[in-house]
Structures are given as C-alpha cells and as structure tokens.
Amino acid sequence: MANLELLTAADVRLMQGLAQRVTATRLELVNAEATVGELAWNWGKAHAAHGASWPRQLWFSGGELVAWGWIRLPHRVRRSDGSAKDVTSANLVYQVHPDHAGLIDEVIDWYGRTAVDDAGRTVERTVVPSAADGFALRRWAAHGYRTDPASLGDTGDWTQLNERTLTELEQPVLPDGFRFRTADEAGPEAAVQAHLNAWAPSAYTAESYRGVSRTEPYRGDLHPLVQAPDGTMAASAIMWLDRANRTAEFEPVGTHPDYRRLGLAKALLLHGMRLARAAGADHATVACQGAPGHPRARALYYGVGFREISRDAPLISTGDGTGTRTRSAG
C-alpha cells in the first residue's frame, strides 16, 4: 500500500463531477455505485475506518477527469452488535466517460496489479459494470471476468437504478401520532439512531455520521426522519441533490423493523420528494435489489412512481480463471 494513491475527499468531488457529466449524456451507463449520492454516502460513512485500504487511480484528458477507479481491498468490518465480518475479496467501483471508452483496459489492468494481498498474490476481484455498457462488458470478459454466480437466479445479488419525475406528487400521510423531522431539527444523535434502528447490526457510528454530514452535497434539511409517538426514530432517508442535473438521489432508505407495514416508508419517500422539489430538483433516483426474489423494496419504489432506468452486471475473477467465489464467513 505504501506506493499507492489513496482516495481523498478532493478525489471524490472530481469523481462526482464525472458522474454528473455521464448522467447528463448517457444515464443508462451510470452504475448504481458511481452516482453523486452513492459516492458521497460510501466515502462519508466509512473513510475514517477503512480509507487506508482504498487505493484509487484517476485518468485525465485536457485537464478534465475522464475515468477513475476506486478499489476497496479486503478488510474487517466491526458492527454495532459487537460482531465482525471479514470481507475477503476486493471490489472495484469505476467510471469511464463514454468519449474515452478505450480507457477501460487501463482500468482493468490497474485493478489487476493493485488488488493483491501482502504477499503480492492476486485476490478475488469483483466489479459491477452497467449492463447497458456492451463495450465494457466485452473488455472485462476478455480479461477473464465472468458473471458472478451470486448474481444468478431469483434471489441473485444485483442492483437496479430507478427514476421518476417530481411532478404530481401525492400528499404523504402518516399514522396518527407520527411526525416528520429532519436531521437538522432532530440532531446528530437522532440521525445516527434512526439508521441503526433500520439497519442493525450496522457499522454505522457517530463518526460515520460526521463523515457523511461533511461530504458534499449532504444537507441536513434533505435528511428526513419519521418519529414515532414514543419518540423512537422509526424511519429515515438521505437525499443527495445533484444541482447540475436537477436530480435528488435517495441513499439510504430504511425503517425500524417494529414499525414496518405502517406506510412509513411510502410517506417518507413522498415527503422527501417534496423537499427535493422545493430545493430545485425535478427528478429523483433510488437504487434497489433487482432480482425477482427481492420484491419488497422494488414494489415500494414502484408504488410511488419510480421505474427502472439501468441495472448492474456483477462480475468476478479469482485470478485462476474459474470465476467461482469463495464466500467469507459472517
């Protein structure tokens, strides 16, 4: 790691700029992990704990960023219940501007050279290109990457990106005694607890929230919460406003298990979209699992007007040509 360039906050801002340019011209090529909001969320919540294992590479043309790669190397994640999970494979998030598509081979080569263990041995490598990027998929295949078996079947692990316009929004309706808050109003402790309530066990901490809240384009007034009558933070979402494309991205969205099936998530999404529209957005996006065996979130988003615009194509390489994943415990 000593000779590798590690990802910085300044890099993330450049990467978000490329994401905005690709979104404006070829939205179907945008992978759900390479959006303005997803980059902000993943950087903000985890860079303090895991940034030392995040090498990156940037490619420029005429002084403008035209491609980037961000590797998350194997690491251990400690969660709120005291457990730990070992992530044993490397994962690449990347983006290449369509006018410079040929750079994909440089991205792939860099990934192969960089995703190695302390002894210099190649580790298992995963990546999720857009399923619409036929050229990139052919190049990944030429380098020995194959469809990840974990993505196959009705319960496969792959993501779709969904979009809707912000016209004709329904009025959100909460059950009696519940009310909307924002992170600005409720404060950091409530914002953290709302996430933990929805996602436990989680690696999210007060430090994670500080990182998120300091990452562009986070806004506490676009971080809505639902508070239950007893004061419990029952649901939460963060919206990331892309002013260049007048789009707001939901990431993440979650509901406390004890308060599900009450219509809170639907109301929160509708309320959030109204906040986003008032802030200048005219479209909203959200990602969810796409396989048929994971219908719940997709049905929720379709129920408030979202429709699929792109999906990812998970790939894997073990370095030995088998394309077979060895799953980590936990």
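In case you missed it, the structure is sitting above this.
These numbers come from a predicted model, not from an experiment.

Caption draft 1: Spatial organisation of unusual backbone geometry. A cis geometry characterises the amide bond from Ala200 onward to Pro201, with omega recorded as -5°. Relative to the helices and strands, Pro201 resides in the loop between helix H6 (188-199) and helix H7 (206-213). Look at the link from Glu216 to Pro217: it is a cis peptide, with omega at 0°. Topologically, Pro217 is positioned in the loop between H7 and strand E10 (224-227). With phi around 50°, Glu168 is a residue other than glycine that occupies positive phi space. Residue placement: Glu168 occurs in the loop between strand E8 (159-165) and strand E9 (179-182). Notably, Arg246 is not glycine yet its phi reads approximately 50°, a positive angle. Within the fold, Arg246 resides in the loop between strand E11 (233-242) and strand E12 (247-255).

Caption draft 2: Highlighting the pattern of salt bridges. Within the structure shown, the criterion is met by 12 salt bridges. Across the pair Asp86 and Arg76 runs a salt bridge, and its minimum N-O distance is 2.7 Å. Taken together, the residues Asp86 in strand E4 (residues 84-87) and Arg76 in strand E3 (residues 75-78) connect sequence positions 10 residues apart. A residue is classified by how much of its surface remains accessible, and Asp86, at 32% relative accessible area, is partly exposed. Among the salt bridges present, the one from Arg219 reaches Asp221, with a minimum N-O distance of 2.8 Å.

Caption draft 3: Looking closely at the layout of surface pockets. Of the volumes computed, that of the second largest pocket is approximately 250 Å³. Along the walls of the second largest pocket sit 18 residues, with Leu29, Val96, Pro98, Asp133 and Ala136 positioned nearest its centre. Where the lining of the second largest pocket is concerned, the elements lending two or more residues are strand E5 (90-96) and helix H4 (134-142). For the lining of the second largest pocket, the residue count by class is 11 nonpolar, 5 polar and 2 charged.

Caption draft 4: Region of the structure containing the side chain of Glu38. Relative to the helices and strands, Glu38 resides in helix H2 (residues 36-50). One buried charge, Glu38, has no salt-bridge partner; the nearest side chain with opposite charge is Arg72, at 6.3 Å. Look past the residues within four positions of Glu38 in its chain and what remains in contact with it is Ala32, Glu33, Glu249 and Glu251.

Caption draft 5: Examining the sheet that holds E11 more closely. In spatial order, the strands read E9-E10-E11-E12-E13-E8-E14; together these 7 strands make up an open sheet with mixed pairing. The open sheet is flanked by E9 and strand E14 (307-311), the only strands paired with a single partner. On average, adjacent strands in this sheet sit at an angle of 30° to one another, irrespective of strand direction. The pairing of E8 with strand E13 (residues 283-289) spans 7 bridges and is classified as antiparallel. Among the inter-strand pairings, Arg164 is bridged to a residue of E13, identified as Ala284. With respect to the sheet, H6 is in contact with E10, E11 and E12, its orientation differing from that of E12 by roughly 65°.

Caption draft 6: Spatial organisation of the environment of Tyr302. Assignment of secondary structure puts Tyr302 in helix H9 (residues 295-303). With 138 residues separating them along the chain, Tyr302 and Arg164 place their C-alpha atoms 9.5 Å apart. Not counting the four nearest positions on each side in its chain, Tyr302 is found in contact with Gln160, Asn162, Arg307 and Glu308.

Caption draft 7: Up close: the nonpolar core. Phe178, Phe250, Leu264, Met273 and Phe306 are the most contacted members of the largest nonpolar core, which has 31 residues in total. Listed by contribution, the elements that provide at least two residues to this core are E11, E12, helix H8 (264-278) and E13. Once you skip the residues sitting within four places of it in the chain, Leu264 turns out to touch Leu174, Pro175, Phe178, Val226, Ala234, Ala235, Thr255 and Tyr259. Residues Trp59, Val96, Leu103 and Ile104 belong to the second largest nonpolar core, which totals 22 residues.

Caption draft 8: Looking closely at the sheet that holds strand E6 (residues 125-127). Reading across the sheet, the 6 strands line up as E1-E2-E5-E6-E15-E7 and stay open at both edges, with mixed pairing between neighbours. Each edge of the open sheet is held by one strand with a lone partner, namely strand E1 (56-61) and strand E7 (146-147). In this structure, strand E2 (residues 64-72) lies alongside E5, joined through 6 bridges in antiparallel fashion. When the bridges of E5 are listed, Ile71 appears paired with Leu92.

Caption draft 9: Spatial organisation of empty space enclosed by the protein. Enumeration according to the criterion identifies 1 cavity of 30 Å³ or more in this entry. Residue lining of the largest cavity: Trp41, Ala191, His195, Tyr204, His223, Ser236, Ala237, Ile238 and Pro252, and that is the complete set. Counting residues per element, the ones that place at least two in the lining of the largest cavity are H6 and E11. Element by element, the count of residues in the lining of the largest cavity is highest for E11, at 3 residues. Its residues assigned to classes, the lining of the largest cavity comprises 6 nonpolar, 3 polar and no charged.

Cut-offs and rules
Residues numbered from 1 in each chain as written. Predicted model: local features only at pLDDT ≥ 70, side-chain atom pairs only at ≥ 80, totals over all residues. Heavy atoms only, no water. Helix = DSSP H or I, 4+ residues; strand = E, 2+ residues; numbered from the N terminus. Salt bridge = Lys/Arg side-chain N within 4 Å of Asp/Glu carboxyl O. Buried < 20%, exposed > 50% of the residue type's maximum accessible area, 1.4 Å probe, protein only. 1 Å grid on protein atoms, 1.4 Å probe; cavity = no way out; pocket = protein on both sides within 12 Å on 5 of 7 lines; lining within 4 Å. Points joined across faces, edges and corners; volume = space filled by probe spheres on them. Nonpolar A, V, L, I, M, F, W, Y, C, P; charged D, E, K, R; others polar. Lys, Arg positive; Asp, Glu negative; His and termini not counted. Contact = heavy atoms within 4.5 Å. Pairing = 2+ DSSP bridges. Axes fitted to C-alpha atoms, helices over the stretch in contact; angles between N-to-C directions. Core = buried A, V, L, I, M, F, W, Y, C linked by side-chain atoms within 4.5 Å.

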